[in-house]
Amino acid sequence: METGIDTWIRAQFGMEKTDADTYSPLVLAYIGDCIYELVIRTLTVAKGNRQVNKMNRATSRLVKAQAQAKMMETLHPLLTEKEADIYRRGRNAKSSTIAKNASVADYRKATGFEALMGYLYLTDELPRLLELVKAALDHYTPDEREGAEARNSGRTPSEKDS
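Presented here is a report on the structure given in the accompanying data block. (Residues numbered from 1 in each chain as written. Predicted model: local features only at pLDDT ≥ 70, side-chain atom pairs only at ≥ 80, totals over all residues. Heavy atoms only, no water.)

**Some thoughts on the environment of Ile-35**
With respect to the element layout, Ile-35 can be found in helix H2 (residues 25-46). Separated by 79 residues in sequence, Ile-35 and Glu-114 have C-alpha atoms that sit 8.7 Å apart. Setting aside its immediate chain neighbours within four residues, Ile-35 contacts Met-117, Tyr-121 and Leu-129. (Helix = DSSP H or I, 4+ residues; strand = E, 2+ residues; numbered from the N terminus. Contact = heavy atoms within 4.5 Å.)

The following block contains the structure:
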């Protein structure tokens, strides 16, 4: 296992490493939401300079609950037993927040997805996290609602914000 960002940050601030298995699924999802969005924002920025609102739209399409839930359809068969358990724990966690723009089912799947991302981050398994994100993105296609949103904004459903 390589030293990851989490370990490096903790070392810089003199903090001890905590066993990721001791965190609740919602805490894993809390940090996982952030690290997944950081990966997606990094990919978006790497495509070059453009208007920030276009970058934000491109990022938002991939970090919303519906997209994460759909990505889990691709990822689930690729997960190890431990990863599947982390996902399941996150998906089944009882949250006090409610989904604003997603079905309850999609919101729960997205919470499981984020818990998995958080677990991989906290266990310094960034290469595995990136492998799963890449697999999810390689197989992700927007659903019809996203196509309608793209048409209403003047873009074609297949157009990428580049």
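**Points about the packing of aromatic side chains**
By convention here, two paired aromatic rings are described through the distance between centres and the angle between planes. Going through the model one piece at a time under the given rule, you end up with 1 aromatic pair. Taking 4.8 Å as the distance between ring centres and 90° as the angle between the ring planes, the aromatic pair formed by Tyr-36 and Phe-113 counts as edge-to-face. Taken together, the residues span a long stretch of sequence, with Tyr-36 in helix H2 and Phe-113 in helix H6 (residues 104-122) at a distance of 77 residues. A single burial state applies to Tyr-36 and to Phe-113, both of which are buried. (Phe/Tyr/Trp six-rings, centres within 6.5 Å; stacked < 30°, edge-to-face > 60°. Buried < 20%, exposed > 50% of the residue type's maximum accessible area, 1.4 Å probe, protein only.)

**Side note on the nonpolar core**
Counting residues in each nonpolar core, the largest one holds 31 residues, and the members touching the most others are Tyr-36, Met-71, Leu-75, Leu-79, Met-117, Leu-129 and Val-133. Listed by contribution, the elements that provide at least two residues to this core are H2, helix H3 (52-63), helix H4 (65-75), helix H5 (81-92), H6 and helix H7 (126-139). Residue contributions to this core peak at 8 residues, all from H6. For Val-133, the contacting residues outside a window of four places in its chain are Tyr-36, Val-39, Ile-40 and Met-117. (Core = buried A, V, L, I, M, F, W, Y, C linked by side-chain atoms within 4.5 Å.)

**Observations regarding the pattern of salt bridges**
One pass over the structure, following the stated rule, counts 9 salt bridges. Across the pair Lys-17 and Asp-6 runs a salt bridge, and its minimum N-O distance is 2.9 Å. You can see Lys-17 sitting in the loop between helix H1 (5-12) and H2 and its partner Asp-6 sitting in helix H1, a full 11 residues away along the chain. The shortest N-O distance in the salt bridge between Arg-88 and Asp-85 comes to 3.8 Å. With a gap of 3 residues between them, Arg-88 and Asp-85 both fall in helix H5, about one helical turn apart. Arg-88 sits in the partly exposed class, given a relative accessible area of 35%. Classification of Asp-85 by relative accessible area gives partly exposed; the value is 31%. (Salt bridge = Lys/Arg side-chain N within 4 Å of Asp/Glu carboxyl O.)

**Description of the packing of H4 against H6**
Packing of H4 against H6 brings their axes to within 8 Å, and their N-to-C directions diverge by 65°. Comparing the axis directions of H4 and H6 gives the class roughly perpendicular. Both H4 and H6 take part in a crossing whose hand is left-handed. Where H4 approaches H6, its residues Ala-65, Gln-66, Gln-68, Ala-69, Met-72 and Leu-75 are matched on the opposing element by Asp-106, Tyr-107, Lys-109, Ala-110, Phe-113 and Glu-114. Within the contact of H4 with H6, the residues separate by chemical class into 7 nonpolar, 2 polar and 3 charged. (Axes fitted to C-alpha atoms, helices over the stretch in contact; angles between N-to-C directions. Parallel < 35°, antiparallel > 145°, perpendicular 65-115°, else oblique. Left-handed = near helix turned anticlockwise from the far one by under 90°. Nonpolar A, V, L, I, M, F, W, Y, C, P; charged D, E, K, R; others polar.)

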